[in-house]
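Residues per chain, in single letters:
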Amino acid sequence: MKEYFNNIFTALLTIFVGMKVTLRHLFTPSVTIQYPDVKILLPERERNRLYVNMDDCIGCDQCARACPVNCIEIETVKSLPGEDLGKTSNGKKKALWVTKFTIDFAKCCYCQLCVFPCPTECIYMTDVYEFSEYDRNNLIYNFATLTEEQRLEKIENFRKFSEEKEKQKSQAQKSE
Amino acid sequence: MSIKTEEMVLNMGPQHPSTHGVLRLELTLDGEIITKVVPHIGYLHRCFEKHCEVMTYPQVIPYTDRMDYLAAMGNELGYVIGVEKLLGIQVPERVEYIRVIMAELQRIASHLVAIGTYGADIGAFTPFLYCFRDRERILNLFEITCGARLLYNYIWIGGLSHDLHPDFVRLTKEFIREFKPNLKELNNLLTFNKIFIDRTANVGILPLETAINFGITGPMLRASGLKWDLRKDDTYSVYDKFDFEIPVGSGKMGTVGDSWDRYYVRVLEMEESIKIIEQAIAQLPDGDVTSAIPKKIKPPVGHIYSRVENPRGELGYFIVSDGSTSPFRVKVRAPSFVNLQIMDELCRGHLVADVIAILGSVDIVLGEVDR
Amino acid sequence: MIYDFLYNLTGSSVLAGFLIALLPLFAFILPFALFAVLLERKVAGHIQDRLGPMRVGYHGILQTIADIIKLVQKEDIIAKENDKLFFNIAPVLTFVGSYAAFAVIPFSSIFLGAKIDLGIFYIIAVTGLVVAGILMAGWASNNKYSLLGAMRSAAQIISYEIPTILVVLSIVMMTGTMSLFDLSENQTGYFWNWYILGGPSMSLQKFLLIPFMLIGFLIIYISTLAEVNRTPFDIPEAESELVSGYHTEYSGMKFAMFFLAEYANMFAVSAIVATMFFGGYQSPFGYLGNSLNMSWLIPLEQFFWFIFKGIFFVFVQMWLRWTLPRLRVDQLMAASWKYLIPIAFVNLLIIGFITLI
């Protein structure tokens, strides 16, 4: 019998306590941010879309090897001895033509493992997160600065150069 | 003369608002009483263990994040502790303290999700949003440290990827200061509400013997009465330097081991985590967090089983190394996978509405169950 | 008096009666339902520390219109196995059961849909149609989940009608009239003349009655919450258990009818509770029209007070919805049969004794 009234009393008491909590929340300001009109400033270490500064890239392939999902594809061609490809921002001389550098952002898992091994810090994560596309192929970003014909030209040059070297080596061997 | 009744098979299918993911529960009902529950899993299997065999050791860490995506720091910690033991390296003390702080913050975040979704399943929609508002602040803390909110890739083999942000300690102290009254408010709103107690007390009682026989770990085991916590009983990292209690289920509102106990143990664990974080911040030493990270990670041939106390139970990694840069085999003992077996045992004799209450108190994450 | 006005306008009592019964429907209930849907979402938002709908119109005012347009243009799906007749009639019955109650609720002293002496009795009889509608909806959906939901809902509504009726009986016993219009007229004056504070006569009887009237008010508020299927009694539409219960299979305009019927029902029961205990359309502080000597202002003021009280109780219902968890089916039955009915019964007896004094 006593439990019966106890039940009623605790039920009403806890319901009123709960209602008091909710009523207080009715008058606190809300925490919503009206997104497309107001955007939050993201912290500086934020990990969103990658960006590659091709002027600094030496084509060492470290980032592609570090990626766990193999979303970076790099193809390089050795340059000829006389060609000058310029210097990176910390003074090193570049020796490889980077003919293909694509990152597939549909595969990228935004883990940041490619940023750390880069010797010139040319690949880094920006805070761009609004880059959705209608067609999945548009998410394959191409960072290489050489056009298709330049790429074919460099490959052709290197092939000719290596053939020449082979010929010279075999001639030198024959003359021994 | 007894009436011949047929048993109805009801499918709580892979798409259901309350099954916490893609889980299929096949219930056999006799009227409204349940006679058998068969969980069907595998809808989220992503071949984690097979992937590990072709990745290098550091590349596995983003994959371990994605198993239990609500408590990612714990997953990383378990794997990294195992590999560090295999390599035989010792990390600086500052790294250990920061790892503990992150793991405990993650424990609070994970329990907030568990409590919020449990309330939403029972029908109280408001505590869910209050819990997520608090969780947002924890995720902001993680965001300023490593840049990501849910899948961090922060705890690396031999150290951490970044040192703490200069504002981190101040913001954490602010968070703790604002969280303590919120926790009290949550107790007023949900935990001691008579309707909630009626829904969860004496529902799904798990006796201690059964729990030990099934291999249940985590808050479920502690709610059944046993004081077993890997942070105290098989200490890893620097947990032995902190002073905290292990909350145990006491049958306050019903019997020991019912759903209310499991829920209340999680609430109390959040309070204990706050204590640990306060002590860790006070004792934080200086140091360099990236100094012990080896250039090439090639453990010697051998195998090791490392385990940590995740918010959902004991997460174990069995790592077999064959001397090369990628592991030979990584086998994961996921706590949710083991805890899910108990559904059949607990649900017999209850109503359909209780299945939801019991499943919410088991607190599974399908990413861990299926890997 | 609006009835006289319409009678003079049309010259036929049948047409006047018809128009006056339609008036609350179009002039008030439909706009109220539109408003209530938005109010619910905004109240829910602010309780949960967020804003509700904000993008459609200024701060989301036009949200319900967008919802209605969406529901109207949806395809009306009827599965092959459904029982077509019952499937189509069910929402109409539920709708009718809720709206027909408005014919006898006095919105103001000059407006009453139908002057019948059996006010409350008529309401209780007509809201029984809702049960029939729900059972038809559950059966004709040909869906295990809907059937379970409909049976539970029928059991719930029938069990909770009993405490409602017992409290209504105690009010009828105390005042001697069943017409809601007379109940409102009796509570003239200031707020201490309301029935929740004992009634219009200043006597020992009034002060003895106060605690029991309070208990009666609580009981009827809780039972009518169960009648309209609101949390904590919203098992029929428990989204996280049975995925929407008996109206799972409905789409488009029929679902809109269930939806609007629920909000109209909420206002109807709030209005009844306000009329029986809180003075109906009477103002608590005297009339501005009296003090300013503009007697034509008084019916407008009464209308305003009536709407205010109705919306206040609807707001409390929404407030409860977002605070409390849901009761399980057997606990719901236990709450009605083991707790509410004995207490309502004892309350009835005691009020009966006190009125004899």
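Model, not experiment: these values are computed from the prediction. (Residues numbered from 1 in each chain as written. Chains lettered and ligands numbered in written order. Predicted model: local features only at pLDDT ≥ 70, side-chain atom pairs only at ≥ 80, totals over all residues. Heavy atoms only, no water.)

Peer 1: Break down the overall build of chain A for me, with residues and values.
Peer 2: Counting its regular elements, chain A contains three helices and five strands. The secondary structure elements of chain A, listed N-terminal to C-terminal, are α-β-α-β-β-β-β-α. On C-alpha atoms alone, chain A measures out to a radius of gyration of 30 Å, which is more than a quarter above the 16 Å that the 2.2 N^0.38 rule sets for 176 residues. Scored against the burial criterion, the 176 residues of chain A give a buried share of 34%. (Helix = DSSP H or I, 4+ residues; strand = E, 2+ residues; numbered from the N terminus. Rg over C-alpha atoms; globule rule 2.2 N^0.38 Å. Buried < 20%, exposed > 50% of the residue type's maximum accessible area, 1.4 Å probe, protein only.)

Peer 1: I'd like a description of the overall build of chain B, backed by residues and values.
Peer 2: Secondary structure assignment for chain B yields 15 helices and eight strands. In terms of overall size, chain B behaves like a compact globule, its C-alpha atoms giving a radius of gyration of 21 Å where 371 residues would be expected to give roughly 21 Å. With respect to the principal axes defined by its C-alpha atoms, chain B has extents near 80 × 45 × 35 Å. Per-residue burial for chain B yields a buried fraction of 62% across its 371 residues. Considering only residue pairs separated by 6 or more positions, chain B has 71% of its internal contacts joining residues 24 or more positions apart. A total accessible area of about 13,200 Å² is found for chain B, and carbon and sulfur atoms account for 55% of it. Taking the 40 positively charged and 48 negatively charged side chains of chain B as two groups, their mean positions are separated by 3 Å. (Contact = heavy atoms within 4.5 Å. Areas by Shrake-Rupley, 256 points an atom, 1.4 Å probe, with all protein chains shown as cover. Lys, Arg positive; Asp, Glu negative; His and termini not counted. Charge placed at Lys NZ, Arg CZ, Asp CG, Glu CD.)

Peer 1: Give a detailed account of the interface of chain C and chain A, specifying residues and quantitative values.
Peer 2: At the interface, 18 residues of chain C touch 18 residues of chain A. Across the chain C to chain A interface the summed buried area is about 1,700 Å²; carbon plus sulfur atoms make up 66%. For chain C, the biggest contributors to the area lost against chain A are Asp49(C), Trp319(C) and Tyr339(C); these three give 35% of the whole. Elements supplying a minimum of two residues to the side of chain C that touches chain A: α2 (13-47), α13 (297-321) and α14 (329-356) of chain C. Per-element tally for the side of chain C that touches chain A: the top contributor is α14(C), with four residues. Looking at the side of chain C that touches chain A residue by residue, the classes come out as twelve nonpolar, two polar and four charged. (Buried area = accessible area lost by both parts, 1.4 Å probe. Nonpolar A, V, L, I, M, F, W, Y, C, P; charged D, E, K, R; others polar.)

Peer 1: Go over the layout of surface pockets with me, naming the residues and quoting the values.
Peer 2: Here the second largest pocket defines a volume of roughly 1,200 Å³. Lining the second largest pocket we find 37 residues, and of these Ile40(A), Glu136(B), Asn140(B), Glu143(B) and Arg149(B) sit closest to its centre. The element best represented in the lining of the second largest pocket is helix α5 (residues 126-146) of chain B, accounting for nine residues. Here the lining of the second largest pocket is composed, by residue class, of 20 nonpolar, five polar and twelve charged. (1 Å grid on protein atoms, 1.4 Å probe; cavity = no way out; pocket = protein on both sides within 12 Å on 5 of 7 lines; lining within 4 Å. Points joined across faces, edges and corners; volume = space filled by probe spheres on them.)

Peer 1: So what about the nonpolar core? Which residues, and what values?
Peer 2: Residue and element names in this part refer to chain C. Membership of the largest hydrophobic core comes to 88 residues, with the highest contact counts inside it found for Phe 102, Ile 105, Phe 217, Phe 267, Met 276, Phe 277 and Phe 306. The element best represented in this core is helix α11 (residues 253-277), accounting for 13 residues. The residue makeup of this core includes at least three contributed by each of domain 1 (24-73) and domain 2 (77-356). Apart from the residues within four sequence positions on either side, Ile 105 is in contact with Leu 112, Ile 123, Leu 180, Ala 268, Ala 271, Ile 272 and Phe 306. (Core = buried A, V, L, I, M, F, W, Y, C linked by side-chain atoms within 4.5 Å. Domains from an automatic or database assignment.)

Peer 1: Pulling in residues and values, what's your account of the side chain of Arg47(A)?
Peer 2: Mapped onto the fold, Arg47(A) is located in the loop between α1 (2-26) and β1 (50-52). In this structure Arg47(A) is buried but unpaired, with Asp65(B) as the nearest side chain of opposite charge at 5.7 Å. A polar contact of 3.0 Å, which involves the side chain of Arg47(A), links it to the backbone oxygen of Tyr110(A). Filtering out sequence-adjacent residues up to four positions away, Arg47(A) remains in contact with Tyr110(A), Cys111(A), Gln112(A), Met125(A), Thr126(A), Cys146(B), Gly147(B), Ala148(B), Leu151(B), Tyr152(B) and Asn153(B). (Salt bridge = Lys/Arg side-chain N within 4 Å of Asp/Glu carboxyl O. Polar contact = N/O pair within 3.5 Å; in protein donor to acceptor, adjacent residues only side chain to side chain.)

Peer 1: Report on the pattern of salt bridges, specifying residues and quantitative values.
Peer 2: Residue and element names in this part refer to chain B. According to the stated counting rule, one finds 46 salt bridges over all chains in the structure shown. Put simply, Glu 53 and Lys 50 hold a salt bridge, and the shortest N to O gap is 3.3 Å. The partner of Arg 99 in a salt bridge is Glu 84, with the nearest N and O atoms 2.8 Å apart. Highlighted residues: Arg 99 in helix α4 (residues 93-122) and Glu 84 in helix α3 (residues 72-87), separated in sequence by 15 residues. Overall, Arg 99 belongs to the buried group, its relative accessible area being 1%. Counted as one network, the salt bridges with shared partners bring together Glu 104, Arg 107, Arg 222, Asp 229, Arg 231, Glu 269 and Glu 309.

Peer 1: Please provide a residue-by-residue account of the side chain of Glu227(C), values included.
Peer 2: Residues and elements named next belong to chain C. Locating Glu 227 in the fold gives a position in helix α9 (residues 204-227). Despite its burial, Glu 227 remains without a salt bridge, the nearest opposite charge being carried by Arg 230 at 13 Å. Setting aside chain neighbours within four positions, we find Glu 227 in contact with Ile 157, Tyr 160, Glu 161 and Thr 164.

Peer 1: Lay out the sheet that holds strand β3 (residues 33-40) of chain B in plain terms, naming residues and giving numbers.
Peer 2: Residue and element names in this part refer to chain B. Spatially, the three strands line up as an open sheet ordered β1-β2-β3, and their pairing is antiparallel. The strands lining the two open edges of the sheet, one partner per strand, are β1 (8-12) and β3. The average undirected angle you get between the axes of adjacent strands in this sheet is 20 degrees. Judged from the five bridges that link them, β1 and strand β2 (residues 24-30) form a sheet pairing that is antiparallel. Looking at β2, one finds that Val 9 is bridged to Thr 28. (Pairing = 2+ DSSP bridges. Axes fitted to C-alpha atoms, helices over the stretch in contact; angles between N-to-C directions.)

Peer 1: Please provide a residue-by-residue account of the interface of chain C and chain B, values included.
Peer 2: If you look at the interface, chain C gives 22 residues, while chain B gives 30 residues. In this assembly, chain C and chain B are joined by two salt bridges. For Arg133(B), the salt bridge is made with Asp49(C), and the minimal N-O distance between the two is 2.5 Å. For the interface between chain C and chain B, the tally reads seven residue pairs in polar contact (both at pLDDT 80 or more). For the side of chain C that touches chain B, the leading source of residues is helix α7 (residues 144-175) of chain C, giving four residues. Of the residues in the side of chain C that touches chain B, the class split is nine nonpolar, four polar and nine charged.

Peer 1: Describe the packing of α4(B) against helix α11 (residues 259-282) of chain B, listing the residues and the values that go with them.
Peer 2: All names here are of chain B. Contact geometry for α4 and α11: axes closest at 9 Å, N-to-C directions at 155 degrees. As the angle between them shows, α4 and α11 are arranged roughly antiparallel. Between α4 and α11 the crossing geometry is left-handed. Facing α4, whose interface residues are Tyr 97, Val 100, Ile 101, Glu 104, Leu 105, Arg 107, Ile 108, His 111, Leu 112, Ala 114, Ile 115 and Tyr 118, α11 presents Ser 259, Tyr 263, Arg 266, Val 267, Glu 269, Met 270, Ser 273, Ile 274, Ile 276, Ile 277, Ala 280 and Ile 281. In the contact of α4 with α11, the residues fall into 17 nonpolar, three polar and four charged. (Parallel < 35°, antiparallel > 145°, perpendicular 65-115°, else oblique. Left-handed = near helix turned anticlockwise from the far one by under 90°.)

Peer 1: Outline the environment of Ala106(A), supporting the account with residue identities and numerical values.
Peer 2: Residue and element names in this part refer to chain A. Within the element layout of this structure, Ala 106 appears in the loop between β3 (96-104) and β4 (123-125). Once the C-alpha coordinates of Ala 106 and Glu 148 are considered, the two residues, 42 residues apart in sequence, prove to be 24 Å apart. Discounting residues that sit within four places of it in the chain, Ala 106 has contacts with Arg 136 and Leu 139.

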